[in-house]
Amino acid sequence: MPEPALAKAGGAAARDWFAAREADLLPVGYFHLVFTLPAEIAPIAYQNKSVVYDLLFRMSSETLLTIAADPKHLGARIGITAVLHTWGSAMTHHPHVHMIVPGGGISLDGTHWVRCRPGFPLPVRVLSRLFRRLFLTRLAAAHAAGRLVFFGELDGRRGREAFAAYLAPLKKKKWFVYAKSPFAGPEAVLAYLARYTHRVAIANSRLVSLDERGITFRYKDYRSNGQERFRTMTLAPGEFIRRFLLHVLPKGFHRIRHYGLLASATCKANIARARELIAAPVAVADPPAQHDADLDASAAADHRPLCPCCGGRMIIVESFGRGGAPRGPPSPKAAVADTIP
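Residues numbered from 1 in each chain as written. Predicted model: local features only at pLDDT ≥ 70, side-chain atom pairs only at ≥ 80, totals over all residues. Heavy atoms only, no water.

Draft legend 1. Structural detail: the sheet that holds strand S5 (residues 104–107). If you trace the three strands from one edge of the open sheet to the other, you get S2-S5-S6, paired in antiparallel fashion. Looking along the sheet, the strands with just one partner apiece sit at the ends: strand S2 (76–77) and strand S6 (113–115). Pairing between S5 and S6: three bridges, direction antiparallel. For Gly105, the partnering residue across the bridge sits in S6 and is Val114. (Pairing = 2+ DSSP bridges. Helix = DSSP H or I, 4+ residues; strand = E, 2+ residues; numbered from the N terminus.)

Draft legend 2. A look at helix H4 (residues 124–144). Here H4 spans 30 Å end to end across 21 residues, near enough to the 30 Å set by a 1.5 Å rise per residue. Taken together, the buried positions of H4 are Leu127, Ser128, Leu130, Phe131, Arg132, Leu134, Phe135, Leu136, Leu139, Ala142 and His143. Where H4 is buried, its residues meet strand S1 (30–36), helix H3 (49–69), helix H5 (160–167) and strand S7 (177–180). Count one or two residues on from H4 and you reach Gly146, which has phi positive near 75 degrees. (Expected span 1.5 Å × (residues − 1). Buried < 20%, exposed > 50% of the residue type's maximum accessible area, 1.4 Å probe, protein only. Contact = heavy atoms within 4.5 Å.)

Draft legend 3. Representation of the confidence of the model for the protein chain. When the pLDDT values of the protein chain are averaged, the result is 80; 73% of them are 70 or greater. Highest mean pLDDT in the protein chain belongs to H3 (96); lowest belongs to helix H10 (residues 332–339) (41). Counting contacts from residues 1–9, a segment whose pLDDT is below 50, to residues more than four positions away or on other chains yields eleven contacts. Scored below 50 in pLDDT, residues 284–302 shows five contacts in the model against residues more than four places distant or in partner chains. (pLDDT = per-residue confidence, 0-100.)

Draft legend 4. Here's a closer look at the pattern of salt bridges. Within this structure, the stated rule accounts for ten salt bridges. Note that Arg58 is salt-bridged to Asp54, the shortest N-O span being 2.8 Å. Here the residue Arg58 and the residue Asp54 both occupy positions in helix H3, the gap between them amounting to four residues, near one helical turn. For Arg58, a relative accessible area of 31% corresponds to the partly exposed category. A salt bridge links Arg138 to Glu62; its shortest N-O distance comes to 3.8 Å. (Salt bridge = Lys/Arg side-chain N within 4 Å of Asp/Glu carboxyl O.)

Draft legend 5. Structural context of the environment of Ala263. Structurally, Ala263 is set in the loop between strand S11 (256–260) and helix H8 (267–279). The sequence separation of Ala263 and Ile80 amounts to 183 residues, and the corresponding C-alpha distance is 8.1 Å.

Draft legend 6. Summary view of the nonpolar core. Core analysis: the largest hydrophobic core is formed by 47 residues, its most contacted members being Val52, Leu64, Met99, Phe131, Phe135 and Leu139. Counting only elements with at least two residues in this core, the list comes to S1, helix H2 (42–47), H3, strand S3 (79–87), strand S4 (93–102), H4 and H5. Discounting chain neighbours no more than four positions away, the residues touching Phe135 are Leu37, Ile41, Val52, Leu55, Leu56, Met59 and Trp175. Core analysis: the next-biggest nonpolar cluster, separate from the first, contains 17 residues, Tyr30, Ile271, Leu277 and Ile278 among them. (Core = buried A, V, L, I, M, F, W, Y, C linked by side-chain atoms within 4.5 Å.)

Next comes the structure, spelled out in structure tokens:
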């Protein structure tokens, strides 16, 4: 029996997209984040893919851009590449967004590049809470505007009060935002993007066999550890096809999006400016001015001239009268001659 295989139509598109993105990489470290919708939202997302997946994109990016711009955290405008995945390892419905973020951003005044600390600079707990609040607020607004539909088991959530009651527990539930280990340089970012941007719910490499029992494939059970995590599953053909089709997106829906500095309208100009600022030497900030009255008085009484190069007070090493010659230091040759007996 021939080895089972899925269509590979996305390969050429992935290569073209990959080549275009390679030119946009900055010479900095990159971070990887994942924003995941809770299980209670997944059925609503499945019946309202365009609305809810779009909210997932917009609210996760708005969360990251908002916290990054806060001077208490990074105080900079950052760039984001976001990729939507809707599947778990067993092809179940599991909507989440992977985000690739450069390690730093352009300062809010546009004058310099703000570098990140070695670890992820933004607090995951703060990101999670803001993401939860923004998403639930916009989801309730979409429901009030009549943009959501409900079928089958969800039919009872058509009413505003019923929908609000369903969302209420989610306001206290912990939402999953995960900051993964930093990439090991831009090359690792390219390798990741090449694997995950245009992939489908299951890769050919995970298919094991096709026989009278059904289709067998490998998957990861994330509730287990070690080798027990790697397992195989056999599904009847109908169930396998059903799970695969769960992840078909609405026509024209873009599952790869760019935000902040990498937004398409201003991407090229922002990348050029970022490279210019990254290459610039890092300015050393002067120590904060002291306003002590005694220090101010002593500074006012200091008549030493300012150095035209650094601006500091020049040190007087010798004074001599008009027409006189300064006593210069002995030359190296003179110093050597004095030591010869």
